[in-house]
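# Observations on chain architecture
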Amino acid sequence: MDALSSNIASVCPLGFSNTGGEMFLRAVTTMIAAHCSIINDSEWPDDRTEAVIKKSNVGESYDFIIVGAGTAGTLVASQLSNINPTWSILLVEAGDNPDILSEVPAFLFLNQNKKNDWKYKVEPNGKSCLGFKDNTCIWSKGKCMGGSSSINAMIYIRGHPEDFTSWGKSWDYDALLPYFEKQEKLLNISDHGHVDDNKWYEIIREAWKELNFSFHKNQNNEAVIGTRRAKLLIKEGKRFNTGKVYLQRASKQMDIIKNAHVEKIIIDSVQKKAIGVKIRLENGHVFDIMASKEVILSAGSIATPQLLMLSGIGPEDHLTEKDIPCILNLPVVGTVKMGDDSVVDFNLLVRGLNNLRVVDASIMPSIPGANVMATTLAIAQKAVDIIKLRHSKDEL
Ligand SMILES: Cc1cc2nc3c(=O)[nH]c(=O)nc-3n(C[C@H](O)[C@H](O)[C@H](O)COP(=O)(O)OP(=O)(O)OC[C@H]3O[C@@H](n4cnc5c(N)ncnc54)[C@H](O)[C@@H]3O)c2cc1C
């Protein structure tokens, strides 16, 4: 208190010794303490940029490079790091640790159009954003550790089983169910997220009943029409950030670099395989780092297709128009759909290329009717099993 008092006195010559002054200082100290209890950078892993540059300079490679420390990327990186202690893993994130706006659930909308948001601008199309200036609006996507899960509305919902019917036998609801259940157990999701003492809840529930909508329990995922209480990823008043939770469980052999933008996937076009990535740091430094087993794209539903196209994978006409040599002519039309005639196969590997996998929301063959964070996490959980199986076989 004395140090704070003398610091304040050096910029403000008023006395702080009387009761009013003391109370003011206490209020300031309480606010600073509250700030620290809400946000704590040490809960996120350290940045290892210098060590990674050194490795790059001496030609050292990683087994796996994961692009994007978002919803899917943090889960995949963390779980892979715990499968085999000899596997080296690099996780590359374009943003930094999320700021205090991310931690406070009620500040949800303040995250948009700010530092933790990519602030993508939608092209005017005459059909949407008509109420906005120039008929364009911002399409938010998280640009920070935890990705969009650090700025989203925190609703956790699996989606209806029929949403997944068109995904193919190995990815339908029954196939995904163990992965939904696994993550819900790992994150103890059923234990938090409900505000029980809200007097409005019963009133709203009665209103829905009057309209003949039935009420369903959360476990009842088969219910098509009706109401249920939303599960929110909130714990002890703060955002329950799955990225933070998973990274805290990662093994120490994983390196993470932040504020590092992957510009391109490095492809050996003769052997038709991904061999590394080109990274640009905020200070302009550009370097290459190689991956011996896989490059995994988890940059999200806008950046993953963009990165593929910048690397020469996409519709040939479009790439030619943009002066990008086409390495693989694939229907990347804004997403990286999984399917028989699509961009990635059912193991999420990019068709026609070795060692390049996509694990994020962009692989969804059709968009579920519910919000998609839970599904993205389930996709990532299943991908970990697929990757484990492939490389455990290789190493036998
Ligand atoms: C405002 C908002 C509210 C939402 N609300 C909900 C909700 O309540 N419930 C729900 O279920 N879903 C919600 N969603 C959707 C859900 O959060 C996303 O669909 C999901 O988190 C996507 O996960 P992802 O892993 O595909 O991508 P992301 O979580 O977006 O991760 C991608 C990561 O890659 C990084 N990256 C991108 N490009 C590069 C690059 N070139 N180099 C390095 N790193 C890169 C990004 O910075 C980011 O960290 C919401 C989304 C938004 C934006």
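Residues numbered from 1 in each chain as written. Predicted model: local features only at pLDDT ≥ 70, side-chain atom pairs only at ≥ 80, totals over all residues.

Put simply, the rule is: UniProt positions are given in the numbering used here, feature names are shortened, and annotations may be inferred rather than shown by experiment.
The name an unreviewed UniProt entry gives the protein chain is Glucose dehydrogenase [acceptor], with Papilio xuthus as the organism. A UniProt comment under Sequence similarities (unreviewed entry) is attached to the protein chain, and it reads "Belongs to the GMC oxidoreductase family." In its Cofactor (unreviewed entry) section, the UniProt record describing the protein chain reads: "FAD".

## Remarks on the site of the ligand
Keep this limit in mind: The criterion for a residue being near a molecule or strand is simple: its C-beta atom, placed using the backbone, must lie within 6 Å of it. Each helix corresponds to a stretch of at least 4 residues labelled H or I by DSSP, and each strand to a stretch of at least 2 residues labelled E; elements are numbered beginning at the N terminus. In this classification, Asp, Glu, Lys and Arg are treated as charged, Ala, Val, Leu, Ile, Met, Phe, Trp, Tyr, Cys and Pro as nonpolar, and every other residue, Gly included, as polar.
In the vicinity of the ligand lie 39 residues, with Gly68, Gly70, Gly147, Asn371 and Met373 positioned nearest. Elements supplying a minimum of two residues to the shell around the ligand: helix 4 (71-81), strand 10 (260-268), helix 9 (300-310) and helix 11 (373-395). Among the residues making up the shell around the ligand, the classes are represented as 17 nonpolar, 18 polar and four charged.

## Section: helix 7 (residues 199-210)
To keep it simple, the criterion reads: Working definition of burial: number of other C-beta atoms within 10 Å of the residue's own, with buried at 20 or more, exposed at 12 or fewer, and partly exposed in between, all C-beta atoms being placed from the backbone.
Little of helix 7 is tucked away, with zero of its twelve residues classed as buried. Looking at the residues trailing helix 7, positive phi occurs at Asn212, about 70°.

## Regarding the nonpolar core
Our working rule: For this analysis, nonpolar core means a set of buried Ala, Val, Leu, Ile, Met, Phe, Trp, Tyr and Cys residues linked through C-beta atoms within 7 Å. By the criterion used throughout, residues are in contact when their C-beta atoms, derived from the backbone, lie within 7 Å.
In terms of nonpolar packing, the biggest core is built from 81 residues, with Ile65, Val67, Val76, Ile89 and Val92 touching the most fellow members. In this structure, Ile89 is in contact with Tyr62, Asp63, Phe64, Ile66, Ala77, Leu80, Ser81, Gln253 and Met254, ignoring residues within four places of it in sequence.

## Some details on the pairing of strand 1 (residues 61-67)
The side chains of a regular strand alternate between both faces of the sheet. Note the cut-off: Only when DSSP finds a minimum of two bridges between them are two strands counted as paired. Note on handedness: a crossover is taken as right-handed if, strands pointing away from the viewer, the path from the first strand over the helix to the second is clockwise.
Summarising burial for strand 1: five of the seven residues are buried, a large majority. Summarising the sheet, strand 1 and strand 12 (residues 286-297) pair through six bridges and their orientation is parallel. Bridge pairing links Val67 to Leu297 in strand 12. Once the chain exits strand 1 it traverses helix 4 before rejoining the sheet at strand 2 (residues 89-92), and the crossover so formed is right-handed.

## Quick notes on the environment of Trp44
Along the polypeptide, Trp44 turns up in the loop between helix 2 (19-38) and helix 3 (49-57). What makes Trp44 buried here is the crowd of 21 C-beta atoms within 10 Å. Note: C-alpha distance between Trp44 and Val245 (201 residues apart in sequence) is 9.0 Å. Contact partners of Trp44, with chain neighbours within four places excluded, come to Asn97, Met145, Lys244 and Leu247.

## A short note on the environment of Thr242
By secondary structure assignment, the location of Thr242 is in helix 8 (residues 242-248). Taking the C-alpha atoms as reference points, Thr242 and Thr71, separated by 171 residues in sequence, lie 7.1 Å from one another.

## So, the UniProt feature "domain: Glucose-methanol-choline oxidoreductase N-terminal" (unreviewed entry) in the protein chain
In the numbering adopted here, UniProt assigns the feature "domain: Glucose-methanol-choline oxidoreductase N-terminal" (unreviewed entry) to residues 300-314. Between the C-alpha atoms that bound residues 300-314 the distance is 16 Å, and the span itself is 73% helix and 13% strand.

## What about unusual backbone geometry?
With phi around 65°, Asn113 is a residue other than glycine that occupies positive phi space. Assessed through the 12 C-beta atoms surrounding it within 10 Å, Asn113 is described here as exposed. Residues other than glycine seldom take positive phi values, yet Lys272 does so here, at roughly 50°. With respect to the helices and strands, the residue Lys272 is situated in the loop between strand 10 and strand 11 (273-281).

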